[in-house]
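Inside the fold
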Amino acid sequence: MFIIIVSLIGYIFGCIHGSQVVSKIKKVDIKNSGVKNAGASNTTILLGWKYGILVALIDIFKATVAILLALFILKENGINGDTQTLLIYITALFVILGHNYPFTMNFSGGKGTASLVGVLLAIDWKIAVIGIAILLIFTIATDYLVVGVLFMYLSFLVTTYLFFGIEPTLIVVFLSALSIMKHLENYKRIWKKEETKLSSMFRKK
């Protein structure tokens, strides 16, 4: 029963898209413009960093709120320990699935990066600090956000295993594989030297 509850919470919150909010404000079809992705990076490319940050904040905190709500419900019903941890990771899984495959956008959404940051913030502050630091270090060092994202997932994988064991780690393995699949076009553009660099995104006001 609680698996169904947290899955629904995760998926419903995941379907709330920052890009849809900004699309209505600016009357721009973000999903079908630029690099055709409903996320903060494409919003930044199309509309500048201010709107990109707005999209990122919505996508980050919807994940945090979803997990905190699930955590509240679990605690209120006496669900603690390893069971609670696993259910929280299931919530995180469905937040990302909701973001990537929202029913509000015909099951074609974003890539889940900002929502993963929100997941990290809600799960454990130590995991969040490590993951976000690695994201920033590798993004700045390479000038490619997608490289930072890849290493953030790797850090999430390692820290989850160290802190919480094998079952939550298997969920992160799936999320990591999903992220790699969703970013394949980005990797191909990097190889062809066609990927938009982080520094060029922030030149646009």
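Each remark here, short or long, concerns the structure printed above.
Described below are features of the structure shown in this document. (Residues numbered from 1 in each chain as written. Predicted model: local features only at pLDDT ≥ 70, side-chain atom pairs only at ≥ 80, totals over all residues. Heavy atoms only, no water.)

Re the nonpolar core
How we decide: For this analysis, a nonpolar core means a set of buried residues of the types Ala, Val, Leu, Ile, Met, Phe, Trp, Tyr and Cys, connected via side-chain atoms within 4.5 Å. Partly exposed residues are those whose accessible area sits between 20% and 50% of the maximum for their type, while under 20% is buried and over 50% is exposed, using a 1.4 Å probe and protein chains only. Here a strand is any run of E in DSSP of at least two residues, a helix any run of H or I of at least four, and the numbering for each starts at the N terminus. By the convention used here, residues are in contact when the closest approach between their heavy atoms is within 4.5 Å.
Ranked by size, the top nonpolar core spans 37 residues in total, and within it L116, V119, I123 and F156 carry the most contacts. At the level of secondary structure, the elements contributing two or more residues to this core comprise α1 (2–14), α4 (49–76), α5 (81–100), α6 (113–123), α7 (125–142), α8 (145–164) and α9 (166–182). Sorting elements by how many residues they give to this core places α5 first, with nine residues. Once residues within four sequence positions are removed from consideration, L116 is found in contact with I96, M152, Y153 and F156. By size, the runner-up hydrophobic cluster in this structure holds five residues, among which are V22, L47, V55 and A56.

Comments concerning the pattern of salt bridges
Heads up, the rule is: A pairing counts as a salt bridge when a side-chain nitrogen of Lys or Arg comes within 4 Å of a carboxyl oxygen of Asp or Glu.
Under the counting rule described, the total for this entry stands at four salt bridges. With a shortest N-O distance of 2.8 Å, R189 and E195 are connected by a salt bridge.

Observations regarding the packing of aromatic side chains
Short version of the rule: Paired rings are identified among Phe, Tyr and Trp, the last through its six-membered ring, by centres lying within 6.5 Å, and are further divided according to the angle between planes into stacked (under 30 degrees), edge-to-face (over 60) and tilted (the rest).
Under the criterion given, the structure shown has five aromatic pairs. The rings of Y89, F156, F163 and F164 are connected pair by pair, giving a single aromatic cluster.

Quick notes on α5
The cut-off we apply is this: A helix's residues, less one, multiplied by 1.5 Å, set its expected span.
Given a rise of 1.5 Å per residue, 20 residues ought to cover 28 Å, and the 29 Å separating the end C-alpha atoms of α5 matches this to within 8%. The buried fraction of α5 amounts to 15 of the 20 residues, a majority that puts the element mostly inside the structure.

Section: a nonpolar patch on the surface
Under the convention used in this document: Two distance rules govern patches: like charges are joined within 9 Å, and nonpolar side chains (Val, Leu, Ile, Met, Phe, Trp, Tyr) within 5 Å, applied only to residues with over 30% relative accessible area and no salt bridge. Residue burial considers only the protein chains on display, and all accessible areas are found by Shrake-Rupley using a 1.4 Å probe.
Among the surface-exposed residues, V158, Y161, L162, F163, I166 and L170 lie close enough to one another that they form a single nonpolar patch of about 630 Å² accessible area. Counting only elements with at least two residues in the nonpolar patch, the list comes to α8 and α9. Tracing the chain through its elements places I166 in helix α9. Given the relative accessible area of 51%, I166 is considered exposed.

Some thoughts on the packing of α7 against α8
Defined as follows: A fitted line through C-alpha atoms serves as each axis, taken over the contacting stretch for helices, and the angle formed by two N-to-C directions is quoted from 0 to 180°. Convention used here: angles under 35 degrees read as roughly parallel, angles over 145 as roughly antiparallel, angles from 65 to 115 as roughly perpendicular, and any remaining angle as oblique. In a left-handed crossing the near helix is turned counterclockwise from the far helix by less than a right angle, and in a right-handed crossing that turn is clockwise. Side-chain classes are defined by residue name, with Ala, Val, Leu, Ile, Met, Phe, Trp, Tyr, Cys and Pro counting as nonpolar, Asp, Glu, Lys and Arg as charged, and the others, Gly among them, as polar.
At a closest axis distance of 8 Å, the pairing of α7 and α8 adopts a crossing angle of 155 degrees. If you check the angle between α7 and α8, you find them roughly antiparallel. Here α7 and α8 pass one another in a crossing that is right-handed. Of the residues in α8, those touching α7 at K126, I127, I130, G131, I134, L135, F138, T139 and T142 are L145, V147, G148, V149, F151, M152, S155, F156, T159, T160, F163 and F164. Of the residues contributing to the contact of α7 with α8, the split by class is 13 nonpolar, seven polar and one charged.

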